[in-house]
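Analysis of the macromolecular model
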Amino acid sequence: MRTTTLTDERCHPVDFDDTPDEAAYRARVRAALAEHADELVHTDVDADAGEEAADPREQEQALRRTQRVLAEAGLVGVAWAAEHGGQGGSLAQQAIVGQELARARVPSLINHIGIGMCGPTVIAHGTPAQHEKYLARLLRADDVWCQLFSEPASGSDLAALRTTAVRDGEDWVVNGQKVWTTLAHVSDYGILLTRTDPDRPKHAGLTMFVVDMHAPGVTVRPLRQMGGQSDFNEVFLDDVRIPDAERLGEPGEGWRVALTTLLNERVAVGGGGNDLGLSVESLARLAADRLPALPADRQVLARQALGRAAVAALANRYTGYRRLTAISQGGLPGPEASAGKLAGTAAAKLVADAGVRLLGDDAVFAVGPGDDGGADGAGRWQRNQAWLPGIAIAGGTDEVLRNIVGERVLGLPPEPREDKHRPFDASGSAR
Ligand SMILES: Cc1cc2nc3c(=O)[nH]c(=O)nc-3n(C[C@H](O)[C@H](O)[C@H](O)COP(=O)(O)OP(=O)(O)OC[C@H]3O[C@@H](n4cnc5c(N)ncnc54)[C@H](O)[C@@H]3O)c2cc1C
């Protein structure tokens, strides 16, 4: 076992090797992926996040099938309890599956939000009837899920949301608008955070529901990003009726339920030091190809950019291994996990920038479905560069994450939050 020389007691030494059990598990995962290779979607060589499919509907169906095959092979919901349809495995095993899927170039699961965030929230706060109704189907991508939290006037300050749910007999009637809802255009269900009591302080008057995305009154409008993709949507809710049986947690307990989602989101995104954009290995291959042909003055700048990107990406990866080592030894992600997304996003941006610098004009991509990413697919570097600012916002902006690191890791004084204890309607948030 090789270890770092770091002595800070908050840092786990890094164990780069699998334990014998983990090695055996990894071999089983590789064998299963090889056995089912023909039934799975695979990304092109070096293709990565930020790509737009030629036929999004066909791609959606193929990704649903891929998840079903993986679920039947026991490779989805690895760390979920068996009683919820999972494999009852460890988080380290789950991370191994993630690594092996990346190695086999299988793209992210279509239901990654359902598995990473919605499912754990339903498990923690749902009734047995909700567990029975939703979880197995979620794991197989029979139902795809989305997370309906952000609104035009509440993103970072999520508790200031204005979508209302009013009790009417056995139902609640919901009105409002959500925005940036990833996957809403292909979703069957969503977890929906609403305001049910405007007379209480903003965090105290919220309630969470499961909403049927095909219910009358739900309108989904895709948004188009600058990279050409439509990953997320506006969602309008007009007199949508939700049965009380679809409430998650008690009325007024929505913030506590949402914290479960947000905690899982941070672990899912910041997780195991995985590359959030194109990999440093892709960059190395591109550099071997393109660097020798660059004029001397551009070579110097490109080499500097390559060095900065490689250091940041590898530091992020090995910090991720430290988190996995802690998890593998039975621990929970510590303070370093909250900085994971911040560091991973910064590294991914440096990798994309270095690739674009190497490619020069060849990096320019044409926006449009089915675009192959420019000359020899080179445009995917700029497409990835255009996609990454969104990742620096999703699941907590860089600024908000820095606030968290300041307050919870460094112990700095908290931000002033003057509206925290005032009734929502009487606070600045409601205006
Ligand atoms: C790719 C992508 C996918 C997303 N998917 C989903 C989804 O599936 N479901 C969902 O509900 N939402 C989703 N979101 C929305 C996302 O959660 C919000 O965009 C995010 O929380 C920021 O909120 P906002 O856009 O309202 O920006 P604001 O909160 O208005 O922030 C604007 C600027 O002010 C800064 N700022 C805000 N507060 C502070 C502070 N206290 N201190 C310092 N700076 C601050 C921010 O960092 C930012 O630069 C997604 C967003 C993106 C980009």
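Residues numbered from 1 in each chain as written. Predicted model: local features only at pLDDT ≥ 70, side-chain atom pairs only at ≥ 80, totals over all residues. Heavy atoms only, no water.

As recorded by an unreviewed UniProt entry, the protein carries the name Acyl-CoA dehydrogenase and is attributed to Klenkia taihuensis. Quoted verbatim from the Sequence similarities (unreviewed entry) heading of the UniProt record, the comment on the protein is "Belongs to the acyl-CoA dehydrogenase family." Recorded under Cofactor (unreviewed entry), the UniProt text for the protein is reproduced unchanged: "FAD". (UniProt positions renumbered as here; feature names shortened; annotations may be inferred.)

Between its first and last C-alpha atoms helix 2 (residues 56–72) spans 24 Å; for 17 residues at 1.5 Å apiece the expected length is 24 Å, and the two agree. All of the buried residues along helix 2 are Glu 60, Ala 62, Leu 63, Arg 64, Thr 66, Gln 67, Val 69, Leu 70 and Ala 71. Looking at the buried residues of helix 2, the elements they touch are helix 1 (20–35), helix 3 (91–103), helix 4 (112–125) and helix 5 (128–139). Backbone geometry just after helix 2 places Gly 74 at a positive phi near 80°. (Helix = DSSP H or I, 4+ residues; strand = E, 2+ residues; numbered from the N terminus. Expected span 1.5 Å × (residues − 1). Buried < 20%, exposed > 50% of the residue type's maximum accessible area, 1.4 Å probe, protein only. Contact = heavy atoms within 4.5 Å.)

This next bit is on the packing of aromatic side chains. A full pass over the atoms with the stated rule returns five aromatic pairs. Plain terms: the ring middles of Trp 145 and Tyr 189 are 5.5 Å apart, the flat faces sit at 35° to each other, and that makes the pair tilted. Here Trp 145, found in strand 1 (residues 145–148), pairs with Tyr 189, found in strand 4 (residues 189–195); they are 44 residues apart in sequence, far enough to count as distant. Aromatic side chains Trp 180 and Phe 232 sit 5.3 Å apart centroid to centroid with 70° between the ring planes, which places their arrangement in the edge-to-face category. Note that Trp 180 is positioned in strand 3 (residues 171–182) and Phe 232 in strand 7 (residues 232–243), a separation of 52 residues in sequence. The exposure class assigned to Phe 232 is partly exposed, which follows from its relative accessible area of 22%. (Phe/Tyr/Trp six-rings, centres within 6.5 Å; stacked < 30°, edge-to-face > 60°.)

Moving on, we get to the site of the ligand. As a matter of local geometry, the ligand sits amid 16 residues, with Ser 156, Trp 180, Thr 182, Thr 397 and Glu 399 nearest to it. Between the ligand and Ser 150 there is a distance of 2.7 Å, counted from an oxygen atom to a backbone nitrogen or oxygen. One nitrogen or oxygen atom from the side chain of Ser 156 is found 2.6 Å from an oxygen atom belonging to the ligand. Protein chains shield 67% of the accessible area of the ligand, which is 970 Å² for the free molecule. Those elements giving two or more residues to the shell around the ligand turn out to be strand 3 and helix 12 (398–409). Along the lines of polarity and charge, the residues of the shell around the ligand split into five nonpolar, nine polar and two charged. When residues are assigned to domains, the shell around the ligand turns out to be shared by domain 2 (145–253) and domain 3 (264–409), each giving three or more. (Near = heavy atom within 4 Å. Polar contact = N/O pair within 3.5 Å; in protein donor to acceptor, adjacent residues only side chain to side chain. Areas by Shrake-Rupley, 256 points an atom, 1.4 Å probe, with all protein chains shown as cover. Nonpolar A, V, L, I, M, F, W, Y, C, P; charged D, E, K, R; others polar. Domains from an automatic or database assignment.)

On inspection of all chains with the given rule, the structure shows 25 salt bridges. Residue Glu 246 is joined to Lys 133 by a salt bridge in which the shortest nitrogen-to-oxygen separation is 2.8 Å. Here Glu 246, found in the loop between strand 7 and strand 8 (247–248), pairs with Lys 133, found in helix 5; they are 113 residues apart in sequence, far enough to count as distant. In this structure Glu 246 comes out as buried when scored by relative accessible area, which is 10%. Taking relative accessible area as the criterion, Lys 133 reaches 41% and is therefore assigned partly exposed. Asp 168 serves as the salt-bridge partner of Arg 241, at 2.7 Å between the closest nitrogen and oxygen. Taken as a pair, Arg 241 in strand 7 and Asp 168 in strand 2 (residues 164–168) lie far apart in primary sequence, 73 residues in all. Residue Arg 241 is classed as partly exposed on the basis of its relative accessible area, which comes to 43%. A single salt-bridge network, built from bridges that share partners, covers Asp 18, Arg 26, Arg 30, Glu 100 and Arg 103. (Salt bridge = Lys/Arg side-chain N within 4 Å of Asp/Glu carboxyl O.)

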